[in-house]
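# Descriptive structure summary
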Amino acid sequence: MNVAATPALSAAEIVFAYHARTKHSLKRYAAGPETLDWDTQPNPFREFAGCARTDLALGAERLTTSFAEACTPASVGPAALTIDSVGALLELSMGLSAWKEYGPDRWALRCNPSSGNLHPTEAYVISRNVPGLVDGLHHYLSRDHVLELRCRSGRRDDAPARLWIGLSSVQWREAWKYGERAFRYCQLDVGHALGAFRYAAGALGWRPTLVEDIGSAELSSLMGLDRTEAFSGAEAEDAELLIAIEAPPSNHAVAEYGASGVRDSSEGDWMGRANLLDPRPLYRWPVIGQVSEATQGRGTGSPSDFPDHPPLYRTSGVRATEIILGRRSAQRFDSKFAMSADVFHRLLDTLLDRPTAPWDVWNFAPRVHPIFFVHRVEGLEPGVYALPRHPAAAHALREQLRRDFEWTTPAGTPAHLPFVRLLRTDCRVVARTMNCHQAIASDSCFALSMLCEFEPVVRASAWRYRQLHWEAGLLGHVLYLEAEAAGLRGTGIGCYFDDALHEILGIAGTQFQALYHFTVGRALTDDRISTLPAYPGRRMEPPRNPTA
């Protein structure tokens, strides 16, 4: 008997199937490990044996740039592109911000937030003619604040100093705890890391650019992630994106910051072997590999034709390093604290698409639109609100959400803010329930769900599934740092009941889907946990000569 072959799924259909199967619901959670042994969690630090190492100076504390200046292009003179400034860039983006201790447990915090503090994102540096730094590809080891030379470039020229940053994901770090849903969290973390580099570069007066003209396969080759001998027996890494660091003044062509200017940087002698992070994995999640393969590719941005928003006026003189190194994820909130309306409106304002940090590094039109569950904001009635981040999205959301929503502008809302009230109600119980019964969603001043334009975008290009998560992660990073600047704290939430939330909002199809949740309020600290320096005994020392 002849059996008809099952037609192969398209890349977009693989993504839709993955997204559907990894939704949490009130009846069951997405597939994950049945138990966790925290004593055997994966090593949080990737390193490469057999590589020459270059110590980096810890110079971020020297930077006097205010947070306001770091957010505003061309507001401060650019630092010279040298090994010292590269060290400061990495310290403020991917470096450690502190160590924590509780009883016998000790763990590191980093400047780039991560789901579950598992940190699947790795950073690679591609240098050319940077004083003090060997030309070629380096891996950044945040634990020691050092660069590991993976490939020495054979190219020599007299061009100005140039720098690129490549980001990758070690999927297993997240999968160890979160199972099949881990791919989502890895992509959110990439968005946070992109934001971290934008703010860190701003503190140095630099401008980062997202490189568009490079695909997943070429980027993997450029970063050495496809070299089987280097990763034999170790967990693989997924190439994610490439950032060009523009450190003006510069006379060379803008195109040389793109893929054409970096392609020959990996044409040299390779070295190093990746360490094994988890010697005893108990589970396998093949669906992660399937969605990863389906979302390989590249994407180009689309110019924004949306109304110009008035500039953000910042008066705070707090240094950028204080905000970045002091950022923390709140574990508990003061359920009696109310946020002022001015602070709330300012937080909303920072989420709008402007030529300031971090949106000046983002080449894509806004596709992620927050839905707010407001609990305690002075002068604002508790209820459900929306912030469509471009006009067309407002119309599409109105067509998709519940017919009985108000769509009225609350009194006192700044005229340029597209902020509308959908429903007046005490939504604390709903917010807590929808966020996997977590009290941080109800004890905060507000919680939010990031709805994204989903099925049409992903059907046009499956790669956009990654990119939509990056945008959501960027929004989260803005909220983290802006909340910190306002004396508050934020917390990203990856655990929520997807379709139950959609049902509450009236979403029946998949034109919009929730990708990330977040909450902001006044944090309560746990005095039982000790805070220790990120790099004890290594403050402000000059870098040693490269050991290459």
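Now for a description of the structure that goes with this document. Since this is a predicted model, take the numbers as computed values, not measurements.

Turning our eyes to something else, we now look at the nonpolar core. Counting 116 residues, the largest nonpolar core has Leu89, Phe344, Phe372 and Phe446 as its most contacted members. It is helix H5 (residues 182-203) that contributes the most residues to this core, 12 residues altogether. Excluding anything up to four places from it in sequence, phenylalanine 344 contacts Met339, Phe372, Val374, Val377, Leu380, Phe419 and Phe446.

Before going further, it helps to spend a moment on empty space enclosed by the protein. All chains considered together, the criterion is met by 4 cavities of 30 Å³ or more. Quantified by volume, the largest cavity comes out at close to 140 Å³. As for the largest cavity, its lining consists of 17 residues, of which Val211, Ile214, Glu240, Leu241 and Trp463 are closest to the centre. The element best represented in the lining of the largest cavity is strand S10 (residues 238-246), accounting for 4 residues. Here the lining of the largest cavity is composed, by residue class, of 10 nonpolar, 4 polar and 3 charged. Its volume calculated, the second largest cavity comes out at about 80 Å³. Residue assignment for the lining of the second largest cavity shows that the elements contributing at least two residues are strand S5 (121-128) and strand S6 (136-141). If one sorts the elements of the lining of the second largest cavity by residue count, S5 sits on top with 3 residues.

Burial of strand S8 (residues 162-169) is extensive: 8 of the 8 residues sit out of reach of the surface. Looking at chain direction, S5 and S8 are connected through 8 bridges and run antiparallel. Paired with isoleucine 126 across the two strands is tryptophan 164, which belongs to S8.

Time to look at the pairing of S6. With 6 of 6 residues buried, S6 is to be regarded as a mostly interior element. With 4 bridges joining them, S5 and S6 adopt antiparallel strand pairing. Within the sheet, the bridge partner assigned to isoleucine 126 lies in S6 and is leucine 137. The pairing of S6 with strand S7 (residues 146-153) spans 6 bridges and is antiparallel. In the sheet register, leucine 141 faces S7, and the bridge partner there is valine 146. The antiparallel hairpin formed by S6 and S7 contains 4 residues in its connecting segment, where histidine 145 sits at a positive phi of about 55°.

The N-to-C vectors of helix H3 (residues 83-93) and H5 enclose an angle of 140°; their axes lie 8 Å apart at closest approach. In terms of orientation, H3 and H5 fall into the oblique class. Here H3 and H5 pass one another in a crossing that is right-handed. From H3, Leu89, Leu90, Leu92 and Ser93 reach across to H5, where they touch Ala196, Phe197, Ala200, Ala201 and Ala203. Here the residues of the contact of H3 with H5 sort into 8 nonpolar, 1 polar and no charged.

The N-to-C vectors of helix H1 (residues 11-21) and helix H9 (residues 286-294) enclose an angle of 140°; their axes lie 9 Å apart at closest approach. As judged from the angle between their axes, H1 and H9 are oblique. Considering only the axes of H1 and H9, their crossing is left-handed. For the pair H1 and H9, contact is made by Ala11, Ile14, Val15, Tyr18 and Arg21 and by Val287, Gln290, Val291 and Ala294, respectively.

This part takes up the side chain of threonine 350. Here threonine 350 is to be found in helix H11 (residues 341-350). The class of threonine 350 is buried, set by a relative accessible area of 5%. Side-chain polar atoms of threonine 350 contact the backbone oxygen of leucine 347, separated by 2.7 Å. Beyond its immediate chain neighbours, meaning those up to four positions away, threonine 350 contacts Leu312, Arg314, Trp359, Val478 and Glu482.

The rules we used
Residues numbered from 1 in each chain as written. Predicted model: local features only at pLDDT ≥ 70, side-chain atom pairs only at ≥ 80, totals over all residues. Heavy atoms only, no water. Core = buried A, V, L, I, M, F, W, Y, C linked by side-chain atoms within 4.5 Å. Buried < 20%, exposed > 50% of the residue type's maximum accessible area, 1.4 Å probe, protein only. Helix = DSSP H or I, 4+ residues; strand = E, 2+ residues; numbered from the N terminus. Contact = heavy atoms within 4.5 Å. 1 Å grid on protein atoms, 1.4 Å probe; cavity = no way out; pocket = protein on both sides within 12 Å on 5 of 7 lines; lining within 4 Å. Points joined across faces, edges and corners; volume = space filled by probe spheres on them. Nonpolar A, V, L, I, M, F, W, Y, C, P; charged D, E, K, R; others polar. Pairing = 2+ DSSP bridges. Axes fitted to C-alpha atoms, helices over the stretch in contact; angles between N-to-C directions. Parallel < 35°, antiparallel > 145°, perpendicular 65-115°, else oblique. Left-handed = near helix turned anticlockwise from the far one by under 90°. Polar contact = N/O pair within 3.5 Å; in protein donor to acceptor, adjacent residues only side chain to side chain.

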